[in-house]
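Architecture at a glance
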Amino acid sequence: MSTMKAIQFSQVGGVEVLEFKDVPRPSAPLPGTILVQNKYAGVNFIDTYHRTGLYKVQLPFIPGRCVQSCTNVYSSLITDMCFSEGSGVVEAVGDGVTEFKVGDRVAYMAGQTYAEYTTVKLPDNVSFEDGAALLLQGATAMSLVLRANEVKPGDFVLIHAAAGGTGRLLTQVCKNLGAFVIGTTSTAEKAATAKACGADVIINYSTSDVVEEVKRVTGGKGVHVVYDGVGRTTFETSLACLRRLGTMASFGNASGKVADVDIMKLVPRAVKLMRPSLFEFIKDKEDFDFLVQPLMKMMNEKKLNLHIHKIYDIKDSANAHVDLEGRSTQGKLILKL
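Overview of the structure. Quantities reported herein were computed from a predicted structural model and do not represent experimental measurements. All chains use their own residue numbering, which begins from 1 and follows the written sequence. Totals for whole chains, interfaces and linings use every residue, but because this is a predicted model, local features are given only for residues with pLDDT of at least 70 and side-chain atom pairs only at 80 or more, for both listing and counting. Calculation of side-chain values draws on the structure's entire complement of heavy atoms; hydrogens and water are dropped beforehand.

1. As for the packing of helix α2 (residues 128-148) against helix α7 (residues 285-300)
Relative orientation and spacing of two packed helices are given, respectively, by the angle between their axes and the distance between those axes. Running from N to C, α2 and α7 cross one another at 115°; their axes reach a closest spacing of 9 Å. The crossing of α2 and α7 is right-handed. Taking contact as the criterion, the partners of Asp130, Leu134, Leu135, Gly138, Ala139, Met142, Ser143, Leu146 and Arg147 in α2 are, on α7, Asp287, Phe290, Leu291, Val292, Pro294, Leu295, Met296, Met298 and Met299. Residues of the contact of α2 with α7, tallied by class, amount to 13 nonpolar, two polar and three charged. Geometry is summarised by axes, namely lines fitted to C-alpha atoms with helices restricted to the contacting stretch, and by angles between N-to-C directions that run from 0 to 180 degrees. Helix and strand assignments follow DSSP, with helices taken as H or I runs no shorter than four residues and strands as E runs no shorter than two, numbered in order from the N terminus. Handedness of each helix crossing follows the sense of rotation of the near helix against the far helix: counterclockwise by less than a right angle gives left-handed, clockwise gives right-handed. What makes two residues a contact is simply this: any of their non-hydrogen atoms within 4.5 Å. Under the convention adopted here, Pro, Cys and the residues Ala, Val, Leu, Ile, Met, Phe, Trp and Tyr are nonpolar, Asp, Glu, Lys and Arg are charged, and Gly plus all remaining residues are polar.

Have a look at this one:
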């Protein structure tokens, strides 16, 4: 059996559990799937959730399913793929695959769906690096503004961690839809980043009261929607920032899992609470295209400005996890494979 190198962990814990080791190389693609020779892979908070045990996975586990051979990197896009994300070149196609051929440049993500539903051809003017940086966080942003809560022109939108990878894209997408964006950040440097992405107002939560500032900016009414990828430390603040009939979409756990919720807290102002998950919005090709086609259109029209914070060698995946969990990054972290 041929093998290749991979980052894998056999027990949950800190970054010390990540091991660079040999694993079986994927075989020929199954019907309806493709085999991709990877170039780059995205690093996301969900990778740290798997590593720490917050989200349960079967061990041993390869975070992001990113794997490397001596000269190339491969990822078999099959139904048990767990939120992998990357870009590369199609090396082989399984029976029944009609949209892709060997040699196609692609970006992909994969959850509980088939490869054709989660893979998109890269335009010639989009690099492999940008392809790996765009798809998962970009599709997440699109799912939030089109499915979790449809953003309309003139809406007041609050985005936590507006300088982060998803926050930057979400800010730009909301501005393209005509919203008034209020972003939160922790430093002046990150505030400048969020402002450059189009945020109308920035609140430094280290020095200002977020709820008071939101009420001031909105004339005391609050925002139509809060997009909260931070989790535990911002949950109560997010609820307090909503106007009557507002919506809170709590989509991440960067600061930890939100504690059990007292549903009676939703009674004042009749607010709505949602815990969206990207792959619950993608069950077939139509779902995928609904989110990704407008995303790629914005990318082609130069309406999205991607920022890659740092590119790490696959062997340095632990450093990427440390940087991401330390919340000291701006933009996307990717691995070179």
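2. Some remarks on the side chain of Thr140
In this structure, Thr140 sits in helix α2. Exposure classes here rest on a 1.4 Å probe applied to the protein chains alone. A residue is buried below 20% of its type maximum, exposed above 50%, and partly exposed in between. Among the residues examined, Thr140 registers a relative accessible area of 16% and is labelled buried. Leaving out residues up to four positions away in the same chain, Thr140 has contacts with Thr166, Phe251 and Leu278.

3. Here's the deal with the packing of aromatic side chains
Here is the rule: rings of Phe, Tyr and Trp (six-membered ring for Trp) pair when centre to centre is within 6.5 Å. Planes less than 30 degrees apart are stacked, more than 60 are edge-to-face, and the remainder are tilted. Enumeration according to the criterion identifies four aromatic pairs in this entry. Ring centres 5.7 Å apart and planes at 55° place the aromatic pair Phe9 and Phe61 in the tilted group. Taken together, the residues span a long stretch of sequence, with Phe9 in the loop between β1 (3-8) and β2 (19-24) and Phe61 in the loop between α1 (45-52) and β4 (67-68) at a distance of 52 residues. Phe61 gets classed as buried once you look at its relative accessible area, which sits at 2%. For the pair Phe45 and Tyr49, a centre-to-centre distance of 6.3 Å together with 25° between the ring planes defines the contact as stacked. In this pair, Phe45 and Tyr49 both sit in helix α1, four residues apart, roughly one turn of the helix. Phe45 sits in the partly exposed class, given a relative accessible area of 25%. Using a relative accessible area of 9% as the deciding quantity, one classes Tyr49 as buried. Within the aromatic cluster, the residues linked to one another by ring pairs are Phe45, Tyr49 and Tyr55.

4. Considering the sheet that holds strand β12 (residues 223-228)
The pairing of strands in a sheet happens through backbone hydrogen bonds and is either parallel or antiparallel. Pairing within the open sheet is parallel, and its six strands lie in the order β11-β10-β9-β12-β13-β14. At either margin of the open sheet sits one strand with a lone partner, and together these are β11 (201-204) and β14 (272-274). Sheet twist, expressed as the mean angle between neighbouring strand axes with direction ignored, is 15°. Here helix α5 (residues 210-217) sits on the sheet in contact with β9 (156-159), β10 (180-185), β11 and β12, set at roughly 160° to β11. When DSSP finds two or more bridges between a pair of strands, those strands are recorded as paired.

5. Some details on the nonpolar core
What is meant by a nonpolar core is a set of buried Ala, Val, Leu, Ile, Met, Phe, Trp, Tyr and Cys residues, joined one to another through side-chain atoms within 4.5 Å. If you look at the biggest cluster of nonpolar residues, it comprises 47 residues, and the most contacted ones within it are Met109, Cys174 and Tyr227. Among the secondary structure elements, those contributing two or more residues to this core are β7 (105-110), α2, β9, α3 (165-176), β12 and α7. Those residues in contact with Cys174, other than ones at most four positions away along the chain, are Val145, Val151, Val157, Ile159, Ala179, Val181 and Tyr227. Within the second largest apolar cluster, 18 residues are counted, among which are Val211, Val223, Cys241 and Met248.

6. Observations regarding unusual backbone geometry
Pro60 follows Leu59 through a cis peptide bond whose omega is -5°. Note that Pro60 resides in the loop between α1 and β4. Despite not being glycine, Leu245 shows a phi value in the positive range, around 70°. Structurally, the position occupied by Leu245 is in strand β13 (residues 242-250). One non-glycine residue, Lys302, lies in positive phi territory at about 60°. Counting through the fold element by element, Lys302 comes out in the loop between α7 and β15 (308-313).

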